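Observations on chain architecture
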Amino acid sequence: MATYLDFEQRIKTIQDEIEMANIRGDNAAKDILEIDLEKEIRSVYSNMNDYQKLQLARHPDRPYALDYIDLILKDSYEISGDRHFRDDKAIVCFLGKIEEQTVLVIGEEKGRGTKNKLMRNFGMPNPEGYRKALKAAKFAEKFDIPILMLVDTAGAYPGLGAEERGQSEAIAKNLQEFADLKVPTISVVIGEGGSGGALAIAVADRLAMMQYSIFSVISPEGCAAILWNDPSKIESATKAMKITPDDLKRANLIDDIILEPSKGAHRDKTSAARAIKEYFLKSLDEIKKDSKFIQRRYEKLMAYGAFSE
């Protein structure tokens, strides 16, 4: 059953009316309602504030990493374990093909349903997850396989065990190693890009965001709690943090914005997956044409935070 946010209620009403018209066999009414639905979708999604975009990035129906992997990757084979502690299910690694291009896909997976969410730790990786991602990336580098990363996490898991096993070191190691990989790397924020948990698989030749995703140094709730000692001021924090794709593109912190279907990725997963696939193949082709892409990656990373007065 589809989930509708507060600002999507008018969309839900029209959708329900379309279903009733289908049941009655009233094709004329259905055609009119579908036009109304398209207009309402355009109106709602073109006038969202930053907090509504945050809600959409967290939408429970939004496609997760495994949804995209199932839709764009063929002949897939999962890589598990970090060779040190265990297999962290919050990060998934798959070898396969996008079209005829062999690729490694690394993704953060939140899971659906209570049992699966617990198994995936709600998409919050432990250090062994980041070490698994690095192990897979080094394997891809050895065999000259490009890498696609799908970012979707509220942040790295802050538990005591994670800290004891070197959470900060694992993230820092990934930042260092991914910056120097000898194969093309493309990272896409598909939902939430939270803090170091996202950065650990976001160092890439191309960093893109889905149209209704967010990328932040801390959750808006955490920001509100720190600045105002009031987590309820989440809307003010979201606006102040500039975490939407448009804001980050203007600040030159991301390379591209991938447009979602008019109904949003949560209503049309197939089209959203196609958009990611097309972006990956196009970007990969451009990176391969640049013999100095590793140097370009380094220069891009070193330019973060630069400003002029």
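A brief structural summary. (Residues numbered from 1 in each chain as written. Predicted model: local features only at pLDDT ≥ 70, side-chain atom pairs only at ≥ 80, totals over all residues. Heavy atoms only, no water.)

1. Let's talk about the overall build of the chain
- When its secondary structure is counted, the chain shows 14 helices and 8 strands.
- The C-alpha atoms of the chain give 20 Å as radius of gyration, which agrees with the globular expectation for 309 residues (19 Å, within 12%).
- In terms of overall dimensions, the chain has a C-alpha envelope of 60 × 50 × 50 Å along the principal axes.
- Within the span of the chain, comprising 309 residues, buried residues form 50% of the whole.
- Distance between charge centres in the chain, computed from 45 positive and 50 negative side chains, equals 3 Å. (Helix = DSSP H or I, 4+ residues; strand = E, 2+ residues; numbered from the N terminus. Rg over C-alpha atoms; globule rule 2.2 N^0.38 Å. Buried < 20%, exposed > 50% of the residue type's maximum accessible area, 1.4 Å probe, protein only. Lys, Arg positive; Asp, Glu negative; His and termini not counted. Charge placed at Lys NZ, Arg CZ, Asp CG, Glu CD.)

2. Structural notes on the nonpolar core
- Grouped together as the largest cluster of nonpolar side chains are 34 residues, with contacts concentrated most on Cys93, Leu104, Ile106, Ile147, Met149, Phe178 and Phe215.
- Breaking this core down by element, the ones donating at least two residues are strand E2 (91-98), strand E3 (101-108), helix H6 (127-142), strand E4 (147-153), helix H8 (167-178) and strand E6 (206-210).
- Tallying contributions element by element places H6 first for this core, with 6 residues.
- Formed by 29 residues, the second largest nonpolar core is a distinct cluster that contains Ile72, Leu150, Met210 and Ala265. (Core = buried A, V, L, I, M, F, W, Y, C linked by side-chain atoms within 4.5 Å.)

3. Regarding the side chain of aspartate 88
- Along the chain, aspartate 88 falls in the loop between strand E1 (74-79) and E2.
- Here aspartate 88 is buried and forms no salt bridge, its nearest opposite-charge partner arginine 86 lying at an N-O distance of 5.2 Å.
- Within the structure, aspartate 88 has its side chain in polar contact with the backbone nitrogen of alanine 90 (distance 3.0 Å).
- Excluding residues within four positions of it along the chain, aspartate 88 makes contact with Pro125, Asn126, Glu128, Gly129 and Lys132. (Salt bridge = Lys/Arg side-chain N within 4 Å of Asp/Glu carboxyl O. Polar contact = N/O pair within 3.5 Å; in protein donor to acceptor, adjacent residues only side chain to side chain. Contact = heavy atoms within 4.5 Å.)

4. Details of the environment of threonine 238
- Relative to the helices and strands, threonine 238 resides in helix H11 (residues 234-241).
- A relative accessible area of 0% means that threonine 238 is categorised as buried.
- For the pair threonine 238 and lysine 117, spaced 121 residues apart in the sequence, the C-alpha separation amounts to 25 Å.
- Looking at threonine 238, its side chain comes within polar contact range of the main-chain oxygen of isoleucine 234, at 2.7 Å.

5. Points about the packing of aromatic side chains
- Overall, the coordinates contain 2 aromatic pairs when judged by the stated rule.
- Plain terms: the ring middles of tyrosine 45 and tyrosine 212 are 5.7 Å apart, the flat faces sit at 55 degrees to each other, and that makes the pair tilted. Of this pair, tyrosine 45 sits in helix H2 (residues 27-45) while tyrosine 212 sits in the loop between E6 and strand E7 (214-216), and the two are 167 residues apart along the sequence.
- When the centroid spacing of 5.0 Å and the interplanar angle of 50 degrees are considered together, the rings of phenylalanine 139 and phenylalanine 143 count as tilted.
- Over the face of the ring belonging to tyrosine 4 we find arginine 267, whose NZ or CZ atom lies 4.2 Å from the ring centre. (Phe/Tyr/Trp six-rings, centres within 6.5 Å; stacked < 30°, edge-to-face > 60°. Lys NZ or Arg CZ within 6 Å of the ring centre and 35° of its normal.)

6. Points about the packing of H6 against H8
- At a minimum axis separation of 8 Å, H6 and H8 run at an interaxial angle of 20 degrees. Classified by the interaxial angle, the pair formed by H6 and H8 is roughly parallel. Between H6 and H8 lies a crossing of left-handed hand. Residues Pro127, Tyr130, Arg131, Ala133, Leu134, Ala137 and Lys138 of H6 lie in contact with H8, whose contacting residues are Gln167, Glu169, Ala170, Ile171, Lys173, Asn174, Glu177 and Phe178.
- Residue classes in the contact of H6 with H8 are distributed as 8 nonpolar, 2 polar and 5 charged. (Axes fitted to C-alpha atoms, helices over the stretch in contact; angles between N-to-C directions. Parallel < 35°, antiparallel > 145°, perpendicular 65-115°, else oblique. Left-handed = near helix turned anticlockwise from the far one by under 90°. Nonpolar A, V, L, I, M, F, W, Y, C, P; charged D, E, K, R; others polar.)

7. Topic: the packing of helix H4 (residues 65-72) against helix H13 (residues 269-288)
- It is the contact of H4 with H13, at a shortest axis distance of 9 Å, that shows an interaxial angle of 75 degrees. It follows from the interaxial angle that H4 and H13 lie roughly perpendicular. Side by side, H4 and H13 meet where Asp67, Tyr68, Leu71 and Ile72 of the first sit next to Lys269, Thr270, Ala272, Ala273, Ile276 and Lys277 of the second.
- Class assignment of the residues belonging to the contact of H4 with H13 gives a composition of 6 nonpolar, 1 polar and 3 charged.

8. Points about the pairing of E2
- Among the 8 residues of E2, 7 are classified as buried, and the element is accordingly described as predominantly covered.
- Sheet analysis places E1 next to E2, joined by 4 bridges and oriented antiparallel. Its bridge partner lying in E2, glutamate 78 is registered against phenylalanine 94.
- Examined bridge by bridge, E2 and E3 share 8 bridges and lie antiparallel to one another. Among the inter-strand pairings, phenylalanine 94 is bridged to a residue of E3, identified as valine 105.
- Where E2 hands over to E3, the hairpin turn is made up of 2 residues, of which glutamate 99 adopts a positive phi near 60 degrees. (Pairing = 2+ DSSP bridges.)

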